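# Close look at the chain arrangement
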Amino acid sequence: MSRQANRGTESKKMSSELFTLTYGALVTQLCKDYENDEDVNKQLDKILFSNFLPRGFNIGVRLIEDFLARSNVGRCHDFRETADVIAKVAFKMYLGITPSITNWSPAGDEFSLILENNPLVDFVELPDNHSSLIYSNLLCGVLRGALEMVQMAVEAKFVQDTLKGDGVTEIRMRFIRRIEDNLPAGEE
């Protein structure tokens, strides 16, 4: 029995490390393909990559279906509840971490996700010539894509990054608006 439990843990760790290394290879290739870090950052956040590998936003669009099926989470009633589900369920389910939620705006439409440990940056050092690269920008695209599929338009951006010498990684989330379903006439 314990041997099987160890295999499950080893398998998850191996899958996590494989994903981290594969993601690193993707970022490396993008750095070779594009002249400046801003273009790479946009590509990491963008909708499409190629026929076989979607990037941030598109991953979020696809991931939300899996998340809703596996998590048994119902519809969130407000942005605070959404923040809790993102931090306590989604990040835990897919990255094995639980970021803390801090820095709520007075209006309750902005918050920060603080990642003490970002698994995407394991084994990574940014070269000096890529100081403006937002290496984990994929996460912002995933968050935007997933939330758009549940009718929430949000902005997600990195504010702090451990790869750039900050003590933690911070993603700032801002609620923009609820997306209304536009049904064709006669299909209410």
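In this report, the structure presented in the accompanying data block is examined. This one's a predicted model, so the numbers in the text were calculated from it and none came from an experiment. (Residues numbered from 1 in each chain as written. Predicted model: local features only at pLDDT ≥ 70, side-chain atom pairs only at ≥ 80, totals over all residues. Heavy atoms only, no water.)

## What about the packing of aromatic side chains?
Tallying each qualifying case throughout the model produces six aromatic pairs. Relative to F175, the ring of F79 lies with its centre 5.4 Å away and its plane at 55°, an arrangement referred to as tilted. Note that F79 is positioned in helix α4 (residues 79-95) and F175 in strand β4 (residues 169-178), a separation of 96 residues in sequence. Cluster of aromatic residues (ring-pair linked, three or more members): F79, W104, F111 and F175. Its end group placed over the ring of W104, R80 keeps NZ or CZ at 4.2 Å from the ring centre. (Phe/Tyr/Trp six-rings, centres within 6.5 Å; stacked < 30°, edge-to-face > 60°. Helix = DSSP H or I, 4+ residues; strand = E, 2+ residues; numbered from the N terminus. Lys NZ or Arg CZ within 6 Å of the ring centre and 35° of its normal.)

## Points about the nonpolar core
In this structure, Y23, L113, Y135, I171 and M173 are the most contacted members of the largest nonpolar core, which totals 35 residues. Those elements that place two or more of their residues in this core are α1 (2-33), α2 (37-45), α4, β2 (110-115), α5 (138-149), β3 (152-160) and β4. Broken down by element, this core gets its largest block of residues, six residues, from α5. Residues in contact with M173, not counting those within four places in the same chain, are F79, I86, D109, E110, F111, L113, L143, L147, V154, E155 and A156. If you look at the next biggest cluster of nonpolar residues, it comprises six residues, including I64, F67, V85 and A90. (Core = buried A, V, L, I, M, F, W, Y, C linked by side-chain atoms within 4.5 Å. Buried < 20%, exposed > 50% of the residue type's maximum accessible area, 1.4 Å probe, protein only. Contact = heavy atoms within 4.5 Å.)

## Here's the deal with unusual backbone geometry
With phi around 70°, F123 is a residue other than glycine that occupies positive phi space. One non-glycine residue, Q151, lies in the positive phi region at around 65°. Counting through the fold element by element, Q151 comes out in the loop between α5 and β3.

## Overview of the layout of surface pockets
Which parts of space are left empty comes out when a probe the size of a water molecule is rolled across the atoms. In this model, the second largest pocket occupies a volume close to 200 Å³. As for the second largest pocket, its lining consists of 15 residues, of which G24, T28, V124, E125 and Y135 are closest to the centre. Looking at the lining of the second largest pocket residue by residue, the class counts come to nine nonpolar, four polar and two charged. (1 Å grid on protein atoms, 1.4 Å probe; cavity = no way out; pocket = protein on both sides within 12 Å on 5 of 7 lines; lining within 4 Å. Points joined across faces, edges and corners; volume = space filled by probe spheres on them. Nonpolar A, V, L, I, M, F, W, Y, C, P; charged D, E, K, R; others polar.)

## Points about α5
Given a rise of 1.5 Å per residue, 12 residues ought to cover 16 Å, and the 17 Å separating the end C-alpha atoms of α5 matches this to within 8%. Most of α5 is tucked away: nine of the 12 residues are buried. Within α5, the full set of buried residues consists of L138, L139, C140, G141, V142, L143, G145, A146 and L147. Positioned one or two residues after α5, Q151 has a phi angle of 65°, which is positive. (Expected span 1.5 Å × (residues − 1).)

## Quick word on the packing of α4 against α5
For any two helices packed against each other, the geometry comes down to the angle between their axes and how far apart the axes lie. For the pair α4 and α5, the least separation of the axes is 13 Å and the interaxial angle reads 120°. Classed by the angle they form, the pair α4 and α5 counts as oblique. Handedness of the α4/α5 crossing: right-handed. Side by side, α4 and α5 meet where T82, I86, F91 and L95 of the first sit next to L139, L143 and L147 of the second. Looking at the contact of α4 with α5 residue by residue, the classes come out as six nonpolar, one polar and no charged. (Axes fitted to C-alpha atoms, helices over the stretch in contact; angles between N-to-C directions. Parallel < 35°, antiparallel > 145°, perpendicular 65-115°, else oblique. Left-handed = near helix turned anticlockwise from the far one by under 90°.)

## Structural notes on the pattern of salt bridges
For the coordinates displayed, the defined rule picks out five salt bridges. Notably, a salt bridge pairs D66 with R70, separated by 3.1 Å at the nearest N-O pair. Placement of the pair is D66 and R70 together in helix α3 (residues 56-71), with a separation of four residues, close to one helical turn. (Salt bridge = Lys/Arg side-chain N within 4 Å of Asp/Glu carboxyl O.)

These figures come from the coordinates and say nothing about function on their own.
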